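Here is what each chain is made of, one letter per residue.
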Amino acid sequence: QVQLVESGGGLVQAGGSLRLSCAASGRTFSSYGMGWFRQAAGKERELVAAISRSGGNTYYADSVKGRFTISRDNAKNTVILQMNSLKPEDTAVYYCAADLAGWSYRAYEYDYWGQGTQVTVSS
């Protein structure tokens, strides 16, 4: 069992930065691939970034490549999403998720989810 708690969301102007953090409970955090998803109003949940169990491999959606960075600290049971050069279209609820099988593009393959944190980017 893993519990995930996101923090760091908020309101920021376009061009600004936010740092999202996801704290995981449990002793098996390093067994999970981790993903950050987002869901904007009226849209489907989409994978923004993902990271492998060791942190050695990462994935980014084209829409955030070069602006967002995902990282993890297995000693601290934490995964971070650093978001720079934010745009109004980045506005969404952001969720972190854990996948025992590694990581996946597909939301339904993730085993555990956080409650989400709102990110609003004003123009």
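Worth saying up front: this structure is predicted, and the values here are computed from it rather than measured.

Caption draft 1: Broad picture of the pairing of strand 4 (residues 33–39). Burial analysis of strand 4 places 6 of its 7 residues in the buried class, which makes it a mostly covered element. Strand direction decides the pairing type here: strand 4 and strand 9 (residues 92–99), joined by 7 bridges, are antiparallel. Residue Gly33 lies in a different strand from strand 9, and its bridge partner there is Asp99. If you look at the hairpin formed by strand 4 and strand 5 (residues 46–51), you'll find 6 residues sitting between the two strands, and Gly42 has a positive phi there, around 75°.

Caption draft 2: Quick look at the pairing of strand 11 (residues 117–122). Here strand 11 shows a clear split, with Thr117, Val119 and Val121 buried on one side and none of Gln118, Thr120 and Ser122 buried on the other. With 3 bridges joining them, strand 9 and strand 11 adopt antiparallel strand pairing. Across the sheet, residue Ala92 finds its bridge partner in strand 11, namely Val119.

Caption draft 3: Expanded view of the sheet that holds strand 1 (residues 4–7). Here 4 strands make up an open sheet; going across it, the order is 1-3-8-7 and the pairing antiparallel. For this open sheet the edge positions go to strand 1 and strand 7 (68–73), each flanked by a neighbour on one side alone. Neighbour-to-neighbour, the strand axes of this sheet turn through a mean angle of 15°, independent of strand direction.

Caption draft 4: Structural detail: the environment of Tyr60. Positionally, Tyr60 belongs in strand 6 (residues 58–60). Residue class for Tyr60 comes out buried when judged on its relative accessible area of 17%. The residues contacting Tyr60, other than those within four sequence positions of it, are Val48, Ala49, Lys65, Phe68, Thr69 and Ile70. Side-chain polar atoms of Tyr60 contact the backbone nitrogen of Ile70, separated by 2.8 Å.

Caption draft 5: Geometry of the pattern of salt bridges. All chains considered together, the criterion is met by 5 salt bridges. Across the pair Arg38 and Asp90 runs a salt bridge, and its minimum N-O distance is 2.9 Å. Residue Arg38 is located in strand 4, and its partner Asp90 is located in the loop between strand 8 (78–83) and strand 9; the two are separated by 52 residues in the primary sequence. For Arg38, a relative accessible area of 6% gives the class buried. One network of salt bridges, with partners in common, ties together Arg38, Glu46, Arg67 and Asp90.

Caption draft 6: Summary view of the packing of aromatic side chains. A complete count under the given rule lists 8 aromatic pairs for this structure. A centroid spacing of 5.0 Å and a plane angle of 55° characterise the contact between Phe37 and Trp113, whose relative ring orientation is tilted. Note that Phe37 is positioned in strand 4 and Trp113 in strand 10 (residues 112–113), a separation of 76 residues in sequence. The class for Trp113 is partly exposed, based on a relative accessible area of 28%. Aromatic ring contacts, followed pair by pair, group Phe37, Tyr95, Tyr110 and Trp113 into a single cluster. Above the ring of Tyr95, the side-chain terminus of Arg45 is found at 3.9 Å from the ring centroid.

Calculation criteria
Residues numbered from 1 in each chain as written. Predicted model: local features only at pLDDT ≥ 70, side-chain atom pairs only at ≥ 80, totals over all residues. Heavy atoms only, no water. Buried < 20%, exposed > 50% of the residue type's maximum accessible area, 1.4 Å probe, protein only. Helix = DSSP H or I, 4+ residues; strand = E, 2+ residues; numbered from the N terminus. Pairing = 2+ DSSP bridges. Axes fitted to C-alpha atoms, helices over the stretch in contact; angles between N-to-C directions. Contact = heavy atoms within 4.5 Å. Polar contact = N/O pair within 3.5 Å; in protein donor to acceptor, adjacent residues only side chain to side chain. Salt bridge = Lys/Arg side-chain N within 4 Å of Asp/Glu carboxyl O. Phe/Tyr/Trp six-rings, centres within 6.5 Å; stacked < 30°, edge-to-face > 60°. Lys NZ or Arg CZ within 6 Å of the ring centre and 35° of its normal.

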